[in-house]
Amino acid sequence: MAAHTLYENANPYLIEEPSGTLDTTEATYTALDERRVRVAGAAYVPRDTYTNKLEGSRLIGYQTIVVGGIRDRVVIEQLPNCCPRPRTTSAPR
(Lines give C-alpha, C1' and ligand atoms only; values in the text may rest on other atoms or scores of the structure.)
Protein backbone atom coordinates (compact mmCIF):
# COMPACT_ATOMS: atom_id res chain seq x y z
CA MET A 1 0.00 0.00 0.00
CA ALA A 2 2.73 2.46 0.93
CA ALA A 3 4.56 1.66 -2.31
CA HIS A 4 1.65 3.17 -4.26
CA THR A 5 2.68 6.62 -3.01
CA LEU A 6 5.97 6.23 -4.92
CA TYR A 7 4.33 5.53 -8.28
CA GLU A 8 4.67 8.54 -10.65
CA ASN A 9 4.81 11.08 -7.83
CA ALA A 10 7.50 13.72 -7.40
CA ASN A 11 7.02 13.60 -3.63
CA PRO A 12 6.01 10.28 -1.99
CA TYR A 13 4.18 12.13 0.81
CA LEU A 14 2.13 14.51 -1.37
CA ILE A 15 -0.03 12.72 -3.90
CA GLU A 16 -1.32 15.22 -6.45
CA GLU A 17 -4.84 14.65 -7.76
CA PRO A 18 -6.88 16.84 -10.15
CA SER A 19 -8.95 18.37 -7.33
CA GLY A 20 -6.31 18.58 -4.59
CA THR A 21 -3.42 16.96 -2.76
CA LEU A 22 -3.45 13.91 -0.51
CA ASP A 23 -0.91 14.58 2.25
CA THR A 24 0.34 11.26 3.68
CA THR A 25 3.07 12.80 5.85
CA GLU A 26 1.34 11.71 9.06
CA ALA A 27 -0.23 8.53 7.65
CA THR A 28 0.17 5.19 9.38
CA TYR A 29 -0.20 1.81 7.69
CA THR A 30 -1.40 -1.16 9.75
CA ALA A 31 -1.72 -4.67 8.33
CA LEU A 32 -5.09 -6.16 9.28
CA ASP A 33 -4.37 -9.49 7.60
CA GLU A 34 -2.55 -10.77 4.50
CA ARG A 35 -4.83 -8.83 2.12
CA ARG A 36 -5.99 -5.73 3.99
CA VAL A 37 -4.27 -2.61 5.28
CA ARG A 38 -5.72 0.19 7.41
CA VAL A 39 -4.44 3.62 6.43
CA ALA A 40 -5.02 6.42 8.97
CA GLY A 41 -3.81 9.97 9.40
CA ALA A 42 -3.71 11.13 5.77
CA ALA A 43 -5.20 14.56 5.04
CA TYR A 44 -6.82 15.75 1.82
CA VAL A 45 -6.14 19.39 0.88
CA PRO A 46 -8.63 20.53 -1.79
CA ARG A 47 -7.57 22.87 -4.58
CA ASP A 48 -9.64 25.85 -5.82
CA THR A 49 -9.36 24.77 -9.47
CA TYR A 50 -8.89 21.43 -11.17
CA THR A 51 -5.55 20.59 -12.76
CA ASN A 52 -4.41 17.93 -15.21
CA LYS A 53 -1.12 16.10 -15.52
CA LEU A 54 0.07 15.93 -19.12
CA GLU A 55 2.69 13.49 -20.24
CA GLY A 56 4.44 13.28 -23.57
CA SER A 57 7.38 11.85 -25.38
CA ARG A 58 9.47 12.56 -28.42
CA LEU A 59 11.94 10.59 -30.48
CA ILE A 60 15.54 11.23 -29.49
CA GLY A 61 17.16 8.38 -31.40
CA TYR A 62 17.25 4.67 -31.97
CA GLN A 63 19.05 1.81 -30.31
CA THR A 64 19.70 -1.47 -32.07
CA ILE A 65 21.16 -4.62 -30.63
CA VAL A 66 22.02 -7.65 -32.73
CA VAL A 67 22.89 -10.96 -31.12
CA GLY A 68 24.17 -13.80 -33.27
CA GLY A 69 26.60 -16.63 -33.33
CA ILE A 70 28.78 -18.26 -35.98
CA ARG A 71 30.48 -21.62 -35.61
CA ASP A 72 31.93 -22.02 -39.13
CA ARG A 73 35.71 -21.44 -39.02
CA VAL A 74 35.85 -20.26 -42.66
CA VAL A 75 33.11 -17.66 -42.09
CA ILE A 76 34.75 -16.47 -38.88
CA GLU A 77 38.06 -15.95 -40.70
CA GLN A 78 36.30 -13.86 -43.38
CA LEU A 79 34.35 -11.64 -40.95
CA PRO A 80 36.91 -8.79 -40.95
CA ASN A 81 36.58 -8.57 -44.75
CA CYS A 82 32.79 -8.60 -44.95
CA CYS A 83 31.78 -6.66 -41.82
CA PRO A 84 33.16 -3.17 -41.24
CA ARG A 85 34.04 -2.16 -37.71
CA PRO A 86 30.97 -1.01 -35.82
CA ARG A 87 30.81 2.67 -35.05
CA THR A 88 28.92 4.43 -32.34
CA THR A 89 26.86 7.54 -32.74
CA SER A 90 25.19 9.70 -30.16
CA ALA A 91 21.47 10.31 -30.27
CA PRO A 92 20.52 13.93 -31.06
CA ARG A 93 19.60 15.98 -28.03
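Details of the structure are given in the entry above.
In this report, the structure presented in the accompanying data block is examined. Note that this is a predicted model, so its numbers are computed, not measured.

1. So, a nonpolar patch on the surface
Side chains of Tyr29, Val37 and Val39 sit close together on the surface and give an oily, nonpolar patch of about 220 Å² of accessible area. For valine 39, the location among the structural elements is in strand 4 (residues 37–40). Given the relative accessible area of 36%, valine 39 is considered partly exposed.

2. Regarding the environment of tyrosine 13
With respect to the secondary-structure elements, tyrosine 13 resides in the segment before strand 1 (14–17). For tyrosine 13 and threonine 25, which are 12 residues apart along the polypeptide, the C-alpha to C-alpha distance reads 5.2 Å. Those residues in contact with tyrosine 13 that sit more than four places away from it in its chain are Leu22, Asp23, Thr24 and Thr25.

Cut-offs and rules
Residues numbered from 1 in each chain as written. Predicted model: local features only at pLDDT ≥ 70, side-chain atom pairs only at ≥ 80, totals over all residues. Heavy atoms only, no water. Patch = residues over 30% accessible without salt bridge, like charges linked within 9 Å, V, L, I, M, F, W, Y side chains within 5 Å. Areas by Shrake-Rupley, 256 points an atom, 1.4 Å probe, with all protein chains shown as cover. Salt bridge = Lys/Arg side-chain N within 4 Å of Asp/Glu carboxyl O. Helix = DSSP H or I, 4+ residues; strand = E, 2+ residues; numbered from the N terminus. Buried < 20%, exposed > 50% of the residue type's maximum accessible area, 1.4 Å probe, protein only. Contact = heavy atoms within 4.5 Å.

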